[in-house]
Amino acid sequence: MSVLPASSREWHLVARPHGWPTPADFALREAPVTEPAEGRILVKNLHFSVDPYMRGRMNDVKSYIPPFQLDHPMDGGAVGEVIASNAEGFAVGDHVLHGLGWREYADVPARHATKVDPALAPLSAYLGVLGMTGLTAYAGLFDVASFKEGDAVFVSGAAGAVGSQVGQMARLKGASRVIGSAGSDEKVKFLVEELGFDAAFNYKNGPVKDQLREAAPDGIDVYFDNVGGDHLEAAISSLNVHGRATICGMIAQYNDTEPVAGPRNMAMIIGKRLRLQGVLVGDHYGLQQQFVQEVGGWLAAGELKHRETFVEGIENGVDAFLGLLRGDNTGKMIVSVTR
Ligand SMILES: NC(=O)c1ccc[n+]([C@@H]2O[C@H](COP(=O)([O-])OP(=O)(O)OC[C@H]3O[C@@H](n4cnc5c(N)ncnc54)[C@H](OP(=O)(O)O)[C@@H]3O)[C@@H](O)[C@H]2O)c1
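Residues numbered from 1 in each chain as written. Predicted model: local features only at pLDDT ≥ 70, side-chain atom pairs only at ≥ 80, totals over all residues. Heavy atoms only, no water.

Okay, the site of the ligand next. The local shell around the ligand holds 27 residues, among which K187, Y203, Y254, V279 and N329 are the closest. Taking Y203, its side chain carries an N or O atom lying 2.5 Å from an oxygen atom of the ligand. Y254 is positioned such that a nitrogen or oxygen atom in its side chain is 2.8 Å from an oxygen atom of the ligand. In the complex, 91% of the free accessible area of the ligand, which totals 910 Å², lies under the protein chains. When residues of the shell around the ligand are traced back to their parent elements, those giving at least two are helix 2 (132–144), helix 3 (161–172) and helix 9 (317–326). Counting residues per element, the shell around the ligand draws most heavily on helix 2, which supplies 3 residues. (Near = heavy atom within 4 Å. Polar contact = N/O pair within 3.5 Å; in protein donor to acceptor, adjacent residues only side chain to side chain. Areas by Shrake-Rupley, 256 points an atom, 1.4 Å probe, with all protein chains shown as cover. Helix = DSSP H or I, 4+ residues; strand = E, 2+ residues; numbered from the N terminus.)

Structure representation (structure tokens):
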């Protein structure tokens, strides 16, 4: 029998946010830690993920994923070390990826845990570039948008976890031009100078439509949408005949309290024979092996860069999430559990 910590701190949703969430909607509470039952493992979380989709789970609405329950721990991607095991195939000291983040210690059904190797990549990478957000970029660009060599690609949210990978993957596969938008001049500089985008602009500096037209005078063939709103409308205007758009996220409206108007130029979809298609990463786990092999290769060769923004301490988990919605992060936002 191992000596277990007496308790674990965990973040609960205690009120459903209306509009922007505030710290008062969350509480950090203590829960007892017990030996894992048959088929389960106890994991000391080292990093957990905060993601935009979690905002949707704070609303009590039917969606592709159930809402968070009030006064229960929130969940989401996490990586950690097994400190007690009652499951075949898992030993103390193993590192695992699982879905019970937002807490210090997680009692995880072993069938929901995947072993990961910290010697192959830093553990946090399994939450980002080699994990959910990386696969979203890969599947959304190659499967959903049917990217092909020579395409001009525009990605919004370009300095974030998904967007920064989309732009680089397009470049590595022979895009004729890669354009990104982001919310600060510093992020724009990062895109062009560090990630090799051909052009980038700060969407806060002027109308997206004008800035996109200037950055892509010959139009775009693929739009990877992380933002929605005026970005989507601008992209529809700039897409070339037979262009494709992957609708991955609409973060500009996640905190809206009223339904928002759609793009005003939808009729262009007809004349240009555009294809706009949603993506959910959960549909694409069949690509996982191919994704890890190809992206792992690019990472090992130094051809693909990835940035992470770390927030230290579980007590700062909610601040990290709110910061993500505000754009405090460059690359993947990660909370490191430091107790
Ligand atoms: N469909 C799927 O399966 C799937 C999976 C993963 C992610 N997603 C979606 O993909 C998008 C990116 O997710 P991520 O995990 O990579 O997050 P992320 O881009 O790393 O972080 C979110 C970013 O959104 C930007 N943002 C916030 N409000 C904005 C606004 N009003 N207009 C424009 N940009 C805004 C901020 O950057 P700036 O400083 O640039 O504003 C912020 O850094 C999200 O929409 C998310 O919901 C979808």
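Partitioning the chain into domains gives domain 1 (7–127 + 306–336) and domain 2 (132–282). Computed from C-alpha coordinates alone, the two centres of domain 1 and domain 2 are separated by 29 Å. Contacts between domain 1 and domain 2 engage 19 residues on the former and 14 residues on the latter. Roughly 1300 Å² is buried in total at the junction of domain 1 and domain 2, and carbon and sulfur atoms are behind 59% of that figure. The partner of R307 in a salt bridge is E194, with the nearest N and O atoms 3.5 Å apart. Our count for the contact surface shared by domain 1 and domain 2 stands at 4 residue pairs in polar contact (both at pLDDT 80 or more). When its residues are assigned to classes, the side of domain 1 that touches domain 2 shows 8 nonpolar, 7 polar and 4 charged. (Domains from an automatic or database assignment. Contact = heavy atoms within 4.5 Å. Buried area = accessible area lost by both parts, 1.4 Å probe. Salt bridge = Lys/Arg side-chain N within 4 Å of Asp/Glu carboxyl O. Nonpolar A, V, L, I, M, F, W, Y, C, P; charged D, E, K, R; others polar.)

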